[in-house]
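These are the residues of each chain, in order.
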Amino acid sequence: MSDLKKIKEEFILKLNKKLNLENINQVKSELFGKNGIISSQFKNIGKIKESERKKFASELNLIKDDLQNLINSKINEIENSEINKKLDKEKIDVTLPERPFIKGKIHPVSQTIDEISSIFSEIGFNVEEGPDVENEYNNFTALNTPDNHPARDMHDTFYLDEKKQKLLRTHTSPVQIRTMLKGKPPFKIIAPGRTYRSDSDQTHAPMFHQVEGLYIDKNINMGHLKGCLNYFIKEFFEVNKIKMRFRPSHFPFTEPSAEVDIGYEIKDGKIVIGEGDKWLEILGCGMVHPNVLKNVKVDIEKYQGYAFGIGIDRLAMLKYGINDLRAFFDCDYRWLNHFGFDPLDVPTNYRGLSR
Ligand code: PHE
């Protein structure tokens, strides 16, 4: 047997033993490494007698190919068996039932804010926002409610510092101030958001929601205010007729001021809006006090207008038949599931998305 054949036999035997990847690579470098057995044979070709050189070279090439093929197939075998082992271990059971998919619900307050915003935006109001943490100037002083004014006590304010400079806003009215300070009249905005007072019972929560309205332009009067609110209430409750009354009231930032009640009755245990002889207070409003306009540098000779503040949670309670305000903020999933809105259902008077 030629030397080359012996080499071939020897290495075939070696490679057919049970080897791991590392062993095979070792054999590979023994054969084909820089000073490997096959590599050295190639270097020898030149030294071989010319008459035998061709035969030797072709035999060497064949052996090299055979051994290389064998090594490659062994490596393949090992890699495949490792993949198979892994697949066996990490098998995914596709027959497993999928996890239940729970669709979230829109909170009735968010839903109501969306509805209110879309109704007012149809008649030209822009939506503005302000921060929950306010300074006392925007919340009180600029709104014509100076220090020691009794209205300050009525608000049960949550102050955030000892000097009573920072507070959780007690109403959305400071957004009037922010809006007028940063722009020029006319102003026609609504500002929905959270408000805070230290108060809690069936119809009061320490955190609640209001929407502020402000319309300042030339020649705006109480009639416009009444028309606007009348339109809003009818749209919101989806009724053609509404009983509404303006009751004289007092707010430091409006003059004259009024509270608005809507007529309702209870039929079969349900509230029916716009009929009956019961009255429910839903908002405060009035003509913006000249002192407020002066504080924000609006020329009171040229401009005037109205403002209103509506309790959003109350409107939501009325429209959706919810009788305890505190449930809104209990974060009880079962409650939300019952009273919440399907994100894909568009209510009849909700025009925000459908147009
Ligand atoms: N800010 C008042 C409140 O919280 C409501 C209001 C707003 C009244 C605007 C008049 C004008 O009670």
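Residues numbered from 1 in each chain as written. Predicted model: local features only at pLDDT ≥ 70, side-chain atom pairs only at ≥ 80, totals over all residues. Heavy atoms only, no water.

### A short note on the pairing of strand 8 (residues 270–273)
Every regular strand shows the same layout, with side chains that alternate between the two sheet faces. Sheet analysis places strand 7 (residues 254–267) next to strand 8, joined by four bridges and oriented antiparallel. Within the sheet, the bridge partner assigned to K267 lies in strand 8 and is K270. Between strand 7 and the antiparallel strand that follows it, strand 8, lie two residues; D268 among them carries a positive phi value of about 50°. (Pairing = 2+ DSSP bridges. Helix = DSSP H or I, 4+ residues; strand = E, 2+ residues; numbered from the N terminus.)

### Remarks on the packing of aromatic side chains
Using the criterion set out here, one finds 13 aromatic pairs in the structure. On the basis of an interplanar angle of 90° and a centroid distance of 4.9 Å, the ring pair of F236 and F237 is categorised as edge-to-face. Here F236 falls in the buried class, since its relative accessible area comes to 0%. Relative to F341, the ring of Y320 lies with its centre 4.8 Å away and its plane at 70°, an arrangement referred to as edge-to-face. Taken together, the residues Y320 in helix 11 (residues 312–320) and F341 in the segment after helix 12 (333–339) connect sequence positions 21 residues apart. (Phe/Tyr/Trp six-rings, centres within 6.5 Å; stacked < 30°, edge-to-face > 60°. Buried < 20%, exposed > 50% of the residue type's maximum accessible area, 1.4 Å probe, protein only.)

### Focus on the packing of helix 3 (residues 37–44) against helix 4 (residues 50–89)
Between helix 3 and helix 4, the least distance of the axes is 11 Å, while the angle of their chain directions is 165°. Put simply, helix 3 runs roughly antiparallel to helix 4. Handedness of the helix 3/helix 4 crossing: left-handed. Residues I38, Q41 and F42 of helix 3 pack against F56, L60, N61, I63, K64 and L67 of helix 4. (Axes fitted to C-alpha atoms, helices over the stretch in contact; angles between N-to-C directions. Parallel < 35°, antiparallel > 145°, perpendicular 65-115°, else oblique. Left-handed = near helix turned anticlockwise from the far one by under 90°. Contact = heavy atoms within 4.5 Å.)

All we've got here are geometric facts, nothing functional implied.
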